[in-house]
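# Architecture at a glance
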Amino acid sequence: MAHPAFQDDIIYQIFPRSYKDSNGDGIGDIPGIISKLPYLKKLGVTAIWLSPVFLSPMEDMGYDIADYRHIDPIFGTDEDMDELIKKAKKAGIDIIMDMVLNHTSKEHKWFKEASKSKDNPYRAFYIWRDEPTPIDSTFGGSAWEYNPATKDYYFHLYAPGQPDLNWDCEAMREALYDACNYWLDKGVYGFRLDVIENIGKEVEQGIIQNGPHLHERLHELNRKTFGRTGGISIGECWCADHDTRLLYTDPARQELSMVFLFNDWCTFHDKEFGKWKCRPFSPKEYRDIIYERQSGDQSKAWDTLFWNNHDLPRALNRYANLEYRDQAAKMMFAATMFLRGTPFIYQGDELGMVNGHFASVKDFQDIEAINHYQILQDKGMSKEEAKDALDKTARDNARIPMRWNSQKGYGFTNGKPWVDGGKDPGHSVSEEEKDPNSVLNFYRAAIALWKDKQYRDLIRDGAFSPDYLEHEEWIAYSRILGNRKLRVIANFSDHPYPKPIIDGPVLLHNYEDDNEEFRPYEIYVFLNE
Ligand code: NOJ
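Since the structure is predicted, the reported quantities are computational estimates derived from the model, not experimental observations. (Residues numbered from 1 in each chain as written. Predicted model: local features only at pLDDT ≥ 70, side-chain atom pairs only at ≥ 80, totals over all residues. Heavy atoms only, no water.)

### Points about the overall build of the chain
Rules: By definition, any uninterrupted DSSP run of H or I lasting at least four residues is a helix, any uninterrupted run of E lasting at least two residues is a strand, and each is numbered from the N terminus. When we talk radius of gyration, it's over C-alpha atoms, and the globule rule is simply 2.2 Å times the number of residues to the 0.38. Each accessible area is a Shrake-Rupley estimate made with a 1.4 Å probe; only the visible protein chains count as cover when residues are assessed. Only four residue types enter the charge count: Lys and Arg as positive, Asp and Glu as negative, with His and the chain ends excluded. For the purpose of locating charges, the reference atoms are NZ of Lys, CZ of Arg, CG of Asp and CD of Glu.
Counting its secondary structure elements, the chain contains 17 helices and 20 strands. For 529 residues, the compact-globule estimate of 2.2 N^0.38 gives 24 Å, and the chain sits close to it at 23 Å. Summarising its shape, the C-alpha atoms of the chain cover approximately 75 × 50 × 45 Å along the three principal directions. With an accessible surface of roughly 20200 Å², the chain has 50% of that area assigned to carbon and sulfur atoms. Of note, the chain has its 64 positive side-chain charges centred 3 Å away from the centre of its 86 negative side-chain charges.

### What to know about the packing of aromatic side chains
To be explicit about the condition: To pair, rings of Phe, Tyr and Trp, with the six-membered ring standing in for Trp, must have centres within 6.5 Å; the planes then decide the type, stacked if under 30 degrees apart, edge-to-face if over 60, and tilted in the middle. Burial classes follow relative accessibility: with a 1.4 Å probe on protein chains only, a residue under 20% of its type's maximum area counts as buried, one over 50% as exposed, and anything between as partly exposed. Here, a charge over a ring is recorded when the distance from Lys NZ or Arg CZ to the ring centre is within 6 Å and its angle to the ring normal is within 35 degrees.
With the rule as written, the count across this model stands at 43 aromatic pairs. Between the aromatic rings of Tyr 39 and Trp 404, the centroid separation amounts to 4.9 Å while the plane-to-plane angle is 80 degrees, which identifies the pairing as edge-to-face. Here Trp 404 lies in the loop between helix H14 (383-393) and helix H15 (429-434) and Tyr 39 lies in helix H2 (residues 37-43), a separation of 365 residues in the sequence. Taken as a pair, Tyr 39 and Trp 404 share a single burial class, namely buried. Taking 4.9 Å as the distance between ring centres and 85 degrees as the angle between the ring planes, the aromatic pair formed by Phe 111 and Tyr 126 counts as edge-to-face. Of this pair, Phe 111 sits in helix H4 (residues 109-114) while Tyr 126 sits in the loop between H4 and strand S6 (128-129); the two residues are 15 residues apart in sequence, bridging distant segments of the chain. Ring pairs connect the aromatic residues Phe 268, Phe 281, Tyr 286, Trp 307, Tyr 319, Tyr 324, Phe 492 and Tyr 521, which therefore count as one cluster. We note Arg 17 situated over the ring of Trp 418; from NZ or CZ to the ring centre the distance is 4.5 Å.

### Overview of unusual backbone geometry
Positive phi values are uncommon outside glycine, yet Met 58 reaches one of about 65 degrees. For Met 58, the position within the fold is in the loop between strand S3 (54-55) and strand S4 (67-71). Although it is not a glycine, Gln 254 adopts a positive phi angle of roughly 50 degrees. Among the secondary structure elements, Gln 254 is positioned in the loop between helix H8 (242-249) and strand S11 (258-261).

### Concerning the pairing of strand S7 (residues 144-147)
Within a regular beta strand, the side chains point alternately toward one face of the sheet and then the other, so they alternate between its two faces. Going by this rule: A pair of strands is considered paired only if DSSP assigns at least 2 bridges between the two.
For S7 and strand S8 (residues 152-155), the ladder comprises four bridges, and the chain directions are antiparallel. The partner of Tyr 146 across the bridge, within S8, is Tyr 153. What sits between S7 and S8 in their antiparallel hairpin is a turn of four residues, with Lys 151 showing a positive phi close to 55 degrees.

### Observations concerning the sheet that holds S7
Sheet architecture is open: three strands sit in the order S6-S8-S7, paired in antiparallel fashion. Edge positions in the sheet fall to S6 and S7, since each has one partner strand and no second.

### A look at the site of the ligand
The condition that has to hold: Here, proximity means that at least one heavy atom of the residue falls within 4 Å of the molecule or strand. Two N or O atoms count as a polar contact when they lie within 3.5 Å, although within protein this holds only if one can serve as hydrogen donor and the other as acceptor, and sequence-adjacent residues are included solely when both atoms are side-chain atoms.
Around the ligand, a shell composed of 13 residues is seen, among which Asp 60, Asp 194, His 310, Asp 311 and Arg 395 lie nearest. Arg 192 is positioned such that a nitrogen or oxygen atom in its side chain is 3.0 Å from an oxygen atom of the ligand.

### Looking at the sheet that holds strand S16 (residues 484-491)
To be explicit about the condition: The axes are straight lines fitted to the C-alpha atoms, using for helices just the contacting stretch, and the angles between their N-to-C directions are given from 0 to 180°. We call two residues in contact whenever any of their non-hydrogen atoms come within 4.5 Å of each other.
In space, the five strands of this open sheet follow the order S14-S15-S16-S20-S18, with antiparallel pairing throughout. One side of each edge strand has no neighbouring strand; the edge strands of this open sheet are strand S14 (463-466) and strand S18 (506-509). Averaged over all neighbouring strand pairs, the angle between strand axes comes to 15 degrees, with direction disregarded. As paired elements, S16 and strand S20 (residues 523-527) share five bridges and run antiparallel to each other. Pairing of Ala 490 across the sheet is with Ile 523, part of S20. Packed on one face of the sheet, helix H10 (residues 283-294) meets S14 and strand S15 (474-481) and runs near 10 degrees to S15. Those strands touched by helix H12 (residues 325-337) are S15, S16, S18 and S20, and its axis lies near 145 degrees from that of S16.

### A few points about the domain arrangement of the chain
The condition is simple: Note that the domain bounds reflect an automated or database-derived domain assignment. Note on terms: buried area is the combined drop in 1.4 Å-probe accessible area of two parts once they are placed together, counting the loss on both. By definition, a salt bridge exists where a carboxyl oxygen of Asp or Glu is found within 4 Å of a side-chain nitrogen of Lys or Arg. Residues are grouped as follows: nonpolar covers Ala, Val, Leu, Ile, Met, Phe, Trp, Tyr, Cys and Pro; charged covers Asp, Glu, Lys and Arg; every other residue, Gly included, is treated as polar.
As assigned here, the chain comprises domain 1 (5-104 + 170-439), domain 2 (109-155) and domain 3 (464-528). The C-alpha centroid of domain 2 is placed 28 Å from the C-alpha centroid of domain 1. In this assembly, 18 residues from domain 1 lie in contact with twelve residues from domain 2. Roughly 1200 Å² of surface becomes buried between domain 1 and domain 2 when both sides are summed, with 71% attributable to carbon and sulfur atoms. On the surface where domain 1 and domain 2 come into contact, there are one salt bridge. There are three residue pairs in polar contact (both at pLDDT 80 or more) connecting domain 1 and domain 2. Those elements giving two or more residues to the side of domain 1 that touches domain 2 turn out to be helix H5 (170-185) and helix H13 (367-378). When residues of the side of domain 1 that touches domain 2 are assigned to their parent elements, the largest contribution, five residues, is made by H13. For the side of domain 1 that touches domain 2, the residue count by class is ten nonpolar, three polar and five charged.

Here's what the structure looks like:
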């Protein structure tokens, strides 16, 4: 069956600042990533999503871009980036750039010009108002910032250093398309599109996500950039409902390849404190959302299958009992990767990495965590509760250095890491490499299975059918194509159940032996033909 190339991709996200430092300054960089291409090739991934490496004042760790065409010196040079694209391609790995098209940094030359005077030609690239409206920025405080030179306010949904672009302005849109094409012409595969659901916003009406012009803008972006080269497009969407997800990904509409949706994560948020105080995880509530995306008409939309990224605390801490850390890490990956969609691995998932340890509030470096320590107290939390919320939820947790070994600097750097946070013994590449039963070696086997030509059609195109719905703590389903059936049965709990019948050859299993019971976090993937 003809299918778009992206449906055979398995994507690895790198947060460059924390991946591998090549020059001892304590910050990961592009030459560091190049040195790890053999590791990534061995893991089996087909593409890297690179969190932003563009020139930036780093107010939001690079999601504040000051120049779309140049690499920030902390990450290396423009030539290093060219080399990464070339060497990765040679290793069979494509590069996906992280494009932030909703806003720039206020250090971008467009904003520097725009903020000078009301008649500056770049003024229309941004959103201005004489008086602020009552709308808060995601990182806390008003979303309007006063600009003394023009005596009015510009809009910023994130930090004050991240002014929002005005997508009504055609010249601005064309300038962004040029920047995207610059990278496509260099051979990048496509883009992860940061908070793309916001580009249709109508600030005056208080509409941010899913605004009236969103879909026509996505179509235009597609036609003028990645659609031209057949590139991949992964739209970050926190809030899309499932029907909107169908619109985004309908091939006939030519918008996006897939949306990176967080509604499964957000469903546990607290009404008042949001993500900072989640309700206990329930596998049933989680799976209800995931299964809906796989069923009926919804299955037309290609899914994104992920547990972690640079904006979330580690899912292992959040969803599993860490007494069973390795089993849970293996189970979670395998439980969702055989659904219809693209599996995403966030750096360190393949080791079973967990949250960082931040001894004091001062150790958090993310603007969101720093601001929220106060915001949470203003909303009624005590200092201790606010620190606890940061410990459990801050994005810093996902941003601690990759553990290449367990020595000082974690094999990540010879210098002092830009952020610490790792007190975790073991679970490094060098240790897991040697252990045939490590999380790392399980990931390798799972990826090899996912890519195996014998099962590729079945995993890509097979119809989804849920199994064992009566067991609310199980994730169990079949993928069916003709008379072939791939079955996945996982116990998403820390207690045993009676063992289900495994009637077919087992392709993947996360315990070293067999047992009468269905043990905590145990998973079987098997053929049932
Ligand atoms: C989403 C990114 O993933 C996040 O890290 C960033 O802070 C916001 N967008 C703003 O760009």
